[in-house]
Amino acid sequence: MKETPFTAKHIAAGAKMAEFAGYNMPISYTGINDEHAAVRNNAGVFDVSHMGEFIFKGENALELIQRVTTNDASKLTAGKIQYSCLTNENGGIVDDLLVYCIEENNLHAGKAGVYMLVVNAANIEKDWDWIEFQNTNGAEMHNISDRTGLLAIQGPNASKILQPLTDMDILNLRYYTFVKGKFAGVDNVIVSATGYTGAGGLEIYFEDKDGNADKIWDAIFKEGTPKGLKLIGLGARDTLRLEMGYCLYGNDIDDFSTPLEAGLGWITKFTKNFTASEYLQKQKAAGPDKKLVGFEMIDRGIPRHDYRIKDAEGNLIGRVTSGTQSPTLGRAIGMGYVSTAFSPIDSEIFIEVRDKLLKAKVSKLPFVQQKQ
Amino acid sequence: MEFPNDLYYSKEHTWLRVQDNTGTIGITEFAQKELGEIVYADLSNIGYNFQQDEVFGSVEAVKTVSDLFMPASGKVIETNQQLLKTPTFINDDPYGNGWLVKIEIQDNSELKNLLTAAQYVQVTNN
């Protein structure tokens, strides 16, 4: 198993560890509900160094990103971030990712853009190969995943706790923007107002060399521990993201679901051509046959990945992609694909839980209101 | 971890307390720790008969669900209603308030298929 720069620290802190995307990762420290509440109400630290980072440079970098992703990256100016998808030839989702504009592309002024793509750990190789295959105009590509550390500090008080560690203004950083500079005495750190929890907070990228990881970790906890900053595992990361209705690659989206089916039409821009854009435009015009929806259980029981979704007559109408007991709401929630006829809010659906059909209703996403 | 000596244990991580002809059943300290916070116990209704090792319900943790296996054959005569409101009794007090069901034991000779506390500790070490 691969390790992050912080694996030994998780083990020393008594985390329950498990393999995730080839890495030995912390699942929980003090308990999922406890960690979940800490992030919703105060602040918590996630080690997400397993995520992948690619740097794209050169005069064809933007052109390549535009051709392989669904969102319109030409709208990005330096310091801005975009959520986007990589698509395959059938319009399926190869990965969901973030595109960071580090330097703006302005070829008239003789300046080529510099971009960072942040991809899911399990997809690093697949994404790299797929983009490289389509890199026919010679954009410069670097995979910096193995030498990049990433901590997410999430929660309503996260920015306030971290502000003393840098001269950059991170307290007033707008959602989906970033700054780059000195943080905790370490140079070239990217601090971005992003995350996967809907609780507000920051993500911190740094070069994993010269003891940077230890410096940043120690500074964050020296500042944060007296203010109740807690360590959070991947278990609570999953319940937090599910309360927001954020997709998890491999569960809610995959190579066989399209961005339009997954409710990601808002990041699918037909202002340009990209892989399978023609097919997706047709799908948009005709309307997809199935849609990803959020639902709440009415009967008692907890939906899980791959459980069948049926109608009142027992006909199969879809599959659960994610489900859990929401720690914030104290109710069971889930997401899944259903036939479009059952996608409107309040539609009555049934989840097959161990041979029993349990009533649920389609509900609005997010399940919990976002704080940012 | 605590494994009381007066209980029988199954390899499937349930315990059985025998009083006369009545068996009280729960999951072990080891099992509750592995599962994490229990959010729901889905138990058989009263009156149903089960064979030894048959599934009589499931416990749902935040992240996982685990089937419950009968340590001994018998008829369910009571279920722990307190768990509907406070499923975390299973975590906090697995051998006390966190009990799951009571059964009328059908065949005492089956108890020899179960483990002692010391034998069960060996199972958890593997």
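Residues numbered from 1 in each chain as written. Chains lettered and ligands numbered in written order. Predicted model: local features only at pLDDT ≥ 70, side-chain atom pairs only at ≥ 80, totals over all residues. Heavy atoms only, no water.

Q: Any chance you could break down the overall build of chain A for me, citing the residues and the numbers?
A: A count of helical and extended segments in chain A gives eight helices and 19 strands. Against the 2.2 N^0.38 benchmark of 21 Å for 372 residues, chain A shows a C-alpha radius of gyration of 21 Å, consistent with a compact globule. Here the C-alpha coordinates of chain A stretch approximately 60 × 50 × 40 Å along the principal axes. In chain A, which comprises 372 residues, the share counted as buried stands at 59%. Intrachain contacts of chain A at a sequence separation of at least 6 include 64% that bridge at least 24 residues. If you sum the accessible surface of chain A, you get close to 15500 Å²; carbon and sulfur atoms cover 49% of it. Averaged over its 40 positive side-chain charges, chain A has a centre that lies 6 Å from the centre of its 47 negative ones. (Helix = DSSP H or I, 4+ residues; strand = E, 2+ residues; numbered from the N terminus. Rg over C-alpha atoms; globule rule 2.2 N^0.38 Å. Buried < 20%, exposed > 50% of the residue type's maximum accessible area, 1.4 Å probe, protein only. Contact = heavy atoms within 4.5 Å. Areas by Shrake-Rupley, 256 points an atom, 1.4 Å probe, with all protein chains shown as cover. Lys, Arg positive; Asp, Glu negative; His and termini not counted. Charge placed at Lys NZ, Arg CZ, Asp CG, Glu CD.)

Q: Break down the side chain of R237 of chain A for me, citing the residues and quoting the values.
A: Residue and element names in this part refer to chain A. Mapped onto the secondary structure, R237 falls in helix α7 (residues 234-244). With no salt bridge to any partner, buried R237 finds its closest opposite charge in E203, at an N-O distance of 4.9 Å. If we skip the residues at most four places from it in the chain, R237 touches F46, V48 and Y196. (Salt bridge = Lys/Arg side-chain N within 4 Å of Asp/Glu carboxyl O.)

Q: Outline the pairing of strand β7 (residues 65-69) of chain B, listing residues and values.
A: Residue and element names in this part refer to chain B. Here strand β6 (residues 55-61) runs beside β7; their pairing, made up of five bridges, is antiparallel. Opposite V59, over in β7, you have S66 as the bridge partner. Counting the residues between successive antiparallel strands, the hairpin from β6 to β7 contains three residues. (Pairing = 2+ DSSP bridges.)

Q: Can you tell me about helix α8 (residues 277-286) of chain A, naming the residues and giving the values?
A: All names here are of chain A. Of all the residues in α8, the buried ones are S277, L280 and Q283. The arc enclosing the buried residues of α8, seen along the axis, measures out at 115°, which places them on a common side. Exposed side chains of α8 directed beyond 90 degrees from the buried face belong to E278, K282, A285 and A286. Residues of α8 that are buried make contact with β5 (81-87). Taken from the residues just after α8, G287 is the one with a positive phi, measuring 85°. (Arc of directions from axis to C-beta.)

Q: Break down the layout of surface pockets for me, with residues and values.
A: Put simply, the second largest pocket is a space of about 490 Å³. Around the second largest pocket sit 21 residues that line it, and K356 of chain A together with D42, L43, S44 and N45 of chain B are the ones nearest its centre. Mapped onto the lining of the second largest pocket, the elements with two or more residues apiece are β4 (38-43), β6 and α2 (82-85) of chain B. When its residues are assigned to classes, the lining of the second largest pocket shows ten nonpolar, seven polar and four charged. (1 Å grid on protein atoms, 1.4 Å probe; cavity = no way out; pocket = protein on both sides within 12 Å on 5 of 7 lines; lining within 4 Å. Points joined across faces, edges and corners; volume = space filled by probe spheres on them. Nonpolar A, V, L, I, M, F, W, Y, C, P; charged D, E, K, R; others polar.)

Q: Give a detailed account of the nonpolar core, specifying residues and quantitative values.
A: Residues and elements named next belong to chain A. Of all hydrophobic cores here, the largest spans 60 residues; its most connected members are Y100, M116, I349 and I351. If we ignore the near neighbours within four places in the chain, the residues touching I351 are F295, M297, P303, Y307, R308, I309, V320, K356, L357, L358 and A360. Counting residues in hydrophobic clusters, the runner-up holds 31 residues, among them L162, L173, V191 and I220. (Core = buried A, V, L, I, M, F, W, Y, C linked by side-chain atoms within 4.5 Å.)

Q: Report on the interface of chain B and chain A, specifying residues and quantitative values.
A: A common way to express how large an interface is: the accessible area buried when the components associate. Facing 17 residues of chain B, the contacting portion of chain A comprises 17 residues. Roughly 1400 Å² is buried in total at the junction of chain B and chain A, and carbon and sulfur atoms are behind 42% of that figure. Seen at the junction of chain B and chain A, the total is five salt bridges. In this structure, D238 of chain A and K63 of chain B form a salt bridge, with 2.9 Å as the shortest nitrogen-oxygen distance. For the pair chain B and chain A, the interface holds 15 residue pairs in polar contact (both at pLDDT 80 or more). Taken together, the residues of the side of chain B that touches chain A break down into seven nonpolar, three polar and seven charged. (Buried area = accessible area lost by both parts, 1.4 Å probe. Polar contact = N/O pair within 3.5 Å; in protein donor to acceptor, adjacent residues only side chain to side chain.)

Q: Outline the sheet that holds β5 of chain A, listing residues and values.
A: Residues and elements named next belong to chain A. What the five strands build is an open sheet, ordered β5-β6-β7-β4-β8; its pairing is antiparallel. The sheet is open, and its two edges are formed by β5 and β8 (140-143), each paired on a single side. Sheet twist, expressed as the mean angle between neighbouring strand axes with direction ignored, is 30°. (Axes fitted to C-alpha atoms, helices over the stretch in contact; angles between N-to-C directions.)

Q: Just give me the short version of the sheet that holds β6 of chain B, but keep the residues and values in it.
A: Residue and element names in this part refer to chain B. With respect to topology, three strands assemble into an open sheet ordered β4-β6-β7, the strand pairing being antiparallel. The outermost strands of the open sheet, each flanked by one partner alone, are β4 and β7. For this sheet the average axis-to-axis angle between neighbouring strands, irrespective of direction, equals 20°. Bridge count for β4 against β6 is five bridges, and the pairing is antiparallel. Its bridge partner lying in β6, Y40 is registered against E60.

Q: I'd like a description of the side chain of Q66 of chain A, backed by residues and values.
A: All names here are of chain A. Position of Q66 relative to the elements: it lies in helix α3 (residues 61-68). Residue classification places Q66 among the buried positions, given a relative accessible area of 12%. Sequence-distant contacts of Q66, defined by excluding residues within four places in its chain, comprise N71, D72, A73, S74, K272, N273 and F274.

Q: Hey, could you go over the environment of K215 of chain A for me, with residue numbers and the actual values?
A: Relative to the elements of secondary structure, K215 of chain A occurs in helix α6 (residues 212-224). Discounting residues that sit within four places of it in the chain, K215 of chain A has contacts with A184, V186 and D210 of chain A.

Q: Quick one: what's the story with the packing of helix α2 (residues 32-41) of chain A against α7 of chain A, residue by residue and with numbers?
A: Residue and element names in this part refer to chain A. Relative orientation of the contacting elements α2 and α7 amounts to 55°, with a least axis distance of 8 Å. Taken together, α2 and α7 sit at an angle that is classed as oblique. Relative to α7, α2 is oriented so that their crossing is right-handed. Together, I32, E35, H36, V39 and R40 of α2 and G235, A236, T239, L240, E243 and M244 of α7 make up the contact between the two elements. Residue classes in the contact of α2 with α7 are distributed as five nonpolar, three polar and three charged. (Parallel < 35°, antiparallel > 145°, perpendicular 65-115°, else oblique. Left-handed = near helix turned anticlockwise from the far one by under 90°.)

Q: Quick rundown of the state of the cysteines? Include the residues and the values.
A: All names here are of chain A. Under the definition given, this model contains zero disulfides over all chains. As a non-bridged cysteine, C101 has C85 as the owner of its nearest cysteine sulfur, 19 Å distant. Cysteine C247 is unpaired, with the sulfur of C85 as its nearest cysteine sulfur at 8.1 Å. Classification of C247 by relative accessible area gives buried; the value is 7%. (Disulfide = S-S within 2.5 Å.)

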